[in-house]
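Reading the structure
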Amino acid sequence: MTATIALVDDDRNILTSVSIALQTEGFLTRLYSDGETALKALVDNPCDLAILDIKMPQMDGLELLRRLREKSQVPVIFLTSKDDELDEALGLAMGADDYIAKPFSQRLLIARIRAILRRAELSAAPDDGEAEVQGPLERGRLLMDPARHRVSWNGHPVTLTVTEFLILETLAQRPGIVKTRNQLMDAAYQDDIYVDDRTIDSHIKRVRRKFREVDEAFDSIETLYGAGYRFAEE
């Protein structure tokens, strides 16, 4: 099935050039030049992945992502200016799956898109009956269902992005065992895509925040300074 990619950027040159590159690779594209129009379209007519520019007038990419996450967990890649480190961190903390700094290689962007789409497919469904369906993972009050991409804590649903789900699943598979940032990167990112420590830290903060929305006392993801993270044994 052909994936549909939404591009949101107020720069028409970027919209055109990226759209042509994606269509050449076999993707369908939808183009939006402002956040308000894009938000309504993405909610009413979901796509497989969205690429958002951060710097846009009226509704910028961060606000678009914040409002989009209230209704959708569509994978999101941010396009940022090279020096916007704060914006990158905020975007990841708000639930973006990845970011790419401008100017960027279209080959790199396409590789990131394919990796995220592949993770989404693996998280959503098994391999056409060739492999057994992965059963639910239960760790105390945590219940994860990889086949349906569902998570709950003490019976309350928690909505995670694909990347957040994979990171949490990696930690929960072996409670009490410390996972380094590199191990979590390997679990959440494929195709030799490099992300730095801050990216993993931002995702962990986001996961904790989501769980604390249903349980203020949630503390099952522990930080081992200088070592990594672990899921606490109950």
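Residues numbered from 1 in each chain as written. Predicted model: local features only at pLDDT ≥ 70, side-chain atom pairs only at ≥ 80, totals over all residues. Heavy atoms only, no water.

1. Thoughts on the overall build of the chain
We apply this condition: The secondary structure listing takes helices from DSSP runs of H or I that are at least 4 residues long and strands from runs of E that are at least 2 residues long, numbered from the N terminus. Any residue under 20% of the maximum accessible area for its type is buried, any over 50% is exposed, and the rest in between are partly exposed; the area is computed with a 1.4 Å probe on protein chains only. Contact criterion: two residues are considered in contact whenever any of their non-hydrogen atoms come within 4.5 Å of each other. Residue exposure ignores everything except the shown protein chains as possible cover, and the areas themselves are Shrake-Rupley values with a 1.4 Å probe.
Looking only at helices and strands, the chain has eight helices and 11 strands in total. Every one of the 234 residues in the chain was classed for burial, and the buried ones make up 50%. Long-range pairs, those at least 24 residues apart, make up 60% of the contacts in the chain with a sequence separation of at least 6. Carbon and sulfur atoms make up 46% of the accessible area of the chain, which amounts to about 11,900 Å² in all.

2. A short note on the environment of D201
Let me state the cut-off plainly: Counted as a polar contact is a pair of N or O atoms within 3.5 Å, where, for protein atoms, one must be capable of donating a hydrogen and the other of accepting one, and residues adjacent in sequence contribute only when both atoms are in side chains.
Mapped onto the fold, D201 is located in helix α8 (residues 197–212). Sequence separation between D201 and R181 is 20 residues; the distance between their C-alpha atoms is 8.2 Å. With near-sequence residues (within four places) excluded, D201 lies in contact with R181 and Y229. Among the polar contacts listed, one links the side chain of D201 to the side chain of R181, at a separation of 2.9 Å.

3. Some points on the sheet that holds strand β9 (residues 156–157)
Put simply, the rule reads: One bridge is not enough; two strands pair if DSSP finds at least two bridges between them. Note on method: axes are straight lines fitted to C-alpha atoms, helices fitted across the in-contact stretch only, with angles between N-to-C directions ranging 0 to 180 degrees.
The sheet built from four strands is open, its strands ordered β6-β7-β8-β9 with antiparallel pairing. Since the sheet does not close on itself, it has two edges, and those belong to β6 (137–139) and β9, each with one partner. Set on the sheet, helix α6 (residues 162–173) makes contact with β6, β7 (142–145) and β8 (150–153); between it and β7 the angle comes to about 120°.

4. Considerations on helix α1 (residues 12–24)
Keep this limit in mind: Between the first and last residue of a helix there are one fewer steps than residues, each counted as 1.5 Å, and that sum is the expected span.
Here α1 spans 18 Å end to end across 13 residues, near enough to the 18 Å set by a 1.5 Å rise per residue. Here α1 starts with a cap whose side-chain oxygen sits 2.9 Å from the backbone nitrogen of N13, and that cap is D11. Directly beyond the C-terminal end of α1, a positive phi value near 100° is found at G26.

5. Re the confidence of the model for the chain
This is how it is decided: On a range of 0 to 100, pLDDT expresses the predictor's confidence in each residue.
With 85% of its residues at a pLDDT of 70 or more, the chain has an overall mean of 84. Long-range and interchain partners of residues 126–133, a stretch whose pLDDT sits below 50, account for four contacts in this model, where long-range means more than four residues apart.

6. Overview of the packing of aromatic side chains
Here a ring pair, both rings aromatic, is described through the centre-centre distance and the interplanar angle of the planes. Using the following cut-off: Pairing of aromatic rings covers Phe, Tyr and Trp, the last through its six-membered ring, and needs centres within 6.5 Å; plane angles under 30 degrees mean stacked, over 60 mean edge-to-face, and all others mean tilted.
For the structure on display, the rule yields three aromatic pairs. Residues W153 and F211 carry aromatic rings whose centres are separated by 5.8 Å and whose planes lie at 85° to one another, so their mutual orientation is edge-to-face. One end of the pair, W153, is in strand β8; the other, F211, is in helix α8, and 58 residues separate them in sequence.

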